[in-house]
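What follows is each chain in one-letter form.
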Amino acid sequence: MKIALLGYGKMGKTIEKIALERGHSIVLKVDKEDTNYDISVADVAIDFSIPSAAVNNITTCINAGVPVVSGTTGWLDQYNDILQLCKEKKGSFIYASNFSLGVNLFFELNKKLAQMISPIKEYDVSMEEIHHTQKLDAPSGTAITLAEGVIEHSAKTAWKLDEGDINTIPITAVREADVPGTHSIAYTSEVDTIEIKHTAHNRHGFALGAVVASEWLHGKTGVFSMKDVLGL
Ligand SMILES: NC(=O)C1=CN([C@@H]2O[C@H](COP(=O)(O)OP(=O)(O)OC[C@H]3O[C@@H](n4cnc5c(N)ncnc54)[C@H](OP(=O)(O)O)[C@@H]3O)[C@@H](O)[C@H]2O)C=CC1
Ligand SMILES: O=C(O)C1=N[C@H](C(=O)O)C[C@H](O)C1
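Owing to the predicted nature of the structure, the values given are computational and were not obtained by experimental measurement.

1. Things to note about a nonpolar patch on the surface
Taken together, the side chains of Leu101, Leu105 and Leu232 present a nonpolar region at the surface, about 270 Å² in accessible area. In this structure, leucine 105 sits in helix 4 (residues 101-117). Here leucine 105 falls in the partly exposed class, since its relative accessible area comes to 44%.

2. A word on the site of ligand 2
Near ligand 2, the surroundings consist of Thr73, Ser97, Asn98, His131, His132, Lys135, Ser140, Gly141, Thr142, Pro180, His183 and Phe206. Contact distances for ligand 2 include 2.8 Å between an oxygen atom and a side-chain N or O atom of lysine 135. A distance of 2.5 Å separates an oxygen atom of ligand 2 from a polar side-chain atom of threonine 142. For the shell around ligand 2, the residue count by class is two nonpolar, nine polar and one charged. Structurally, the shell around ligand 2 is a two-domain feature, drawing no fewer than three residues from each of domain 1 (2-99 + 204-230) and domain 2 (101-199).

3. Section: the pattern of salt bridges
In the structure shown here, the tally under the stated rule is nine salt bridges. The shortest N-O distance in the salt bridge between lysine 227 and glutamate 108 comes to 3.8 Å. Pair noted here: lysine 227 is in helix 7 (residues 226-230) and glutamate 108 is in helix 4, with a separation of 119 residues, a long-range link. With a relative accessible area of 22%, glutamate 108 lands in the partly exposed category. Note that glutamate 163 is salt-bridged to lysine 160, the shortest N-O span being 3.5 Å. We classify glutamate 163 as partly exposed; its relative accessible area is 46%. Overlapping salt bridges, with partners in common, bring together Glu108, Lys111 and Lys227 in one network.

4. So, helix 1 (residues 10-21)
Three or four residues apart is the spacing at which side chains of an α-helix point the same way, because the helix has 3.6 residues per turn. Relative to the 16 Å expected for twelve residues at 1.5 Å per residue, helix 1 spans 17 Å between its end C-alpha atoms, a close match to the ideal helical length. Residues of helix 1 that are buried include every one of Met11, Gly12, Ile15, Glu16, Ile18 and Ala19, and no others. Residues of helix 1 that are buried sit in contact with strand 1 (2-6), strand 2 (25-30), strand 3 (44-47) and helix 6 (204-217). A positive phi of about 90 degrees marks glycine 23, the residue just after helix 1.

5. Remarks on the domain arrangement of the chain
By the assigned domains, the chain splits into domain 1 (2-99 + 204-230) and domain 2 (101-199). Domain 1 and domain 2 are separated by 26 Å when their C-alpha centres are compared. Carbon and sulfur atoms supply 55% of the area buried between domain 1 and domain 2, which totals about 1,000 Å² over both sides. Inspection of the domain 1/domain 2 interface yields one salt bridge. Considering only residue class, the side of domain 1 that touches domain 2 consists of six nonpolar, four polar and two charged.

Rules and cut-offs
Residues numbered from 1 in each chain as written. Chains lettered and ligands numbered in written order. Predicted model: local features only at pLDDT ≥ 70, side-chain atom pairs only at ≥ 80, totals over all residues. Heavy atoms only, no water. Patch = residues over 30% accessible without salt bridge, like charges linked within 9 Å, V, L, I, M, F, W, Y side chains within 5 Å. Areas by Shrake-Rupley, 256 points an atom, 1.4 Å probe, with all protein chains shown as cover. Salt bridge = Lys/Arg side-chain N within 4 Å of Asp/Glu carboxyl O. Helix = DSSP H or I, 4+ residues; strand = E, 2+ residues; numbered from the N terminus. Buried < 20%, exposed > 50% of the residue type's maximum accessible area, 1.4 Å probe, protein only. Near = heavy atom within 4 Å. Polar contact = N/O pair within 3.5 Å; in protein donor to acceptor, adjacent residues only side chain to side chain. Nonpolar A, V, L, I, M, F, W, Y, C, P; charged D, E, K, R; others polar. Domains from an automatic or database assignment. Expected span 1.5 Å × (residues − 1). Contact = heavy atoms within 4.5 Å. Buried area = accessible area lost by both parts, 1.4 Å probe.

This is how it looks when you write it as structure tokens:
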């Protein structure tokens, strides 16, 4: 496939390497505020840019009929607008807060654990995410997806950065040099803590997942998720 990379930072460069290894070609790289690029040269676009650019990039692709995979986080207040546009234009779109196989399995484990523990009132839930210091958004998109998974299967109704109460899951966001992404969920009672944790050792899993998702999306129409791609 001919792939356009919208965002050529840490993720864009890792995706390029994997895409070339899998026999694809990179026909376009966009790394700055550039509204003049011709996306129609690509079979599929992969957007790992910045929160303020993602919606423009995705809109450009959908308007041009180019399937788009986006992993950029921090723009989800506009997700429904993108869904609407994609429907109107009969476009092809996948967003995932995390494209790695391991984290997508972890999402399912998180929901199962919430379902199991939420009736037991002795335990209260909290979350922590740790990322590198260049990260622009907090909490991470992955932490938000994890919180939504708990909300779906418990009496909690919301999440909040650093603060929690009977209805709200507290998420702590820690920034440390060079950490690719660590997420943990803890259920604490007076006597013990049950904790699950996912640690990314590097960015390969995220990037491979994004390339696999773009291969899967090519030739399909609609809005999909990594659950569809992985058959979970
Ligand atoms: N879903 C997932 O699995 C994962 C998601 N992410 C998310 O992906 C995004 C990118 O992460 P990462 O690669 O680490 O970040 P980087 O900061 O390394 O890369 C982002 C790149 O986007 C560029 N950029 C700025 N403006 C635009 C624009 N208008 N169009 C296209 N590109 C632009 C930046 O250029 P410049 O520096 O010059 O501004 C930068 O090179 C983040 O939102 C991150 O949270 C990250 C890992 C996994
Ligand atoms: O910015 C990052 O680096 C990452 N962002 C994603 C997120 O916000 O969840 C995924 C991963 O944790 C790395």
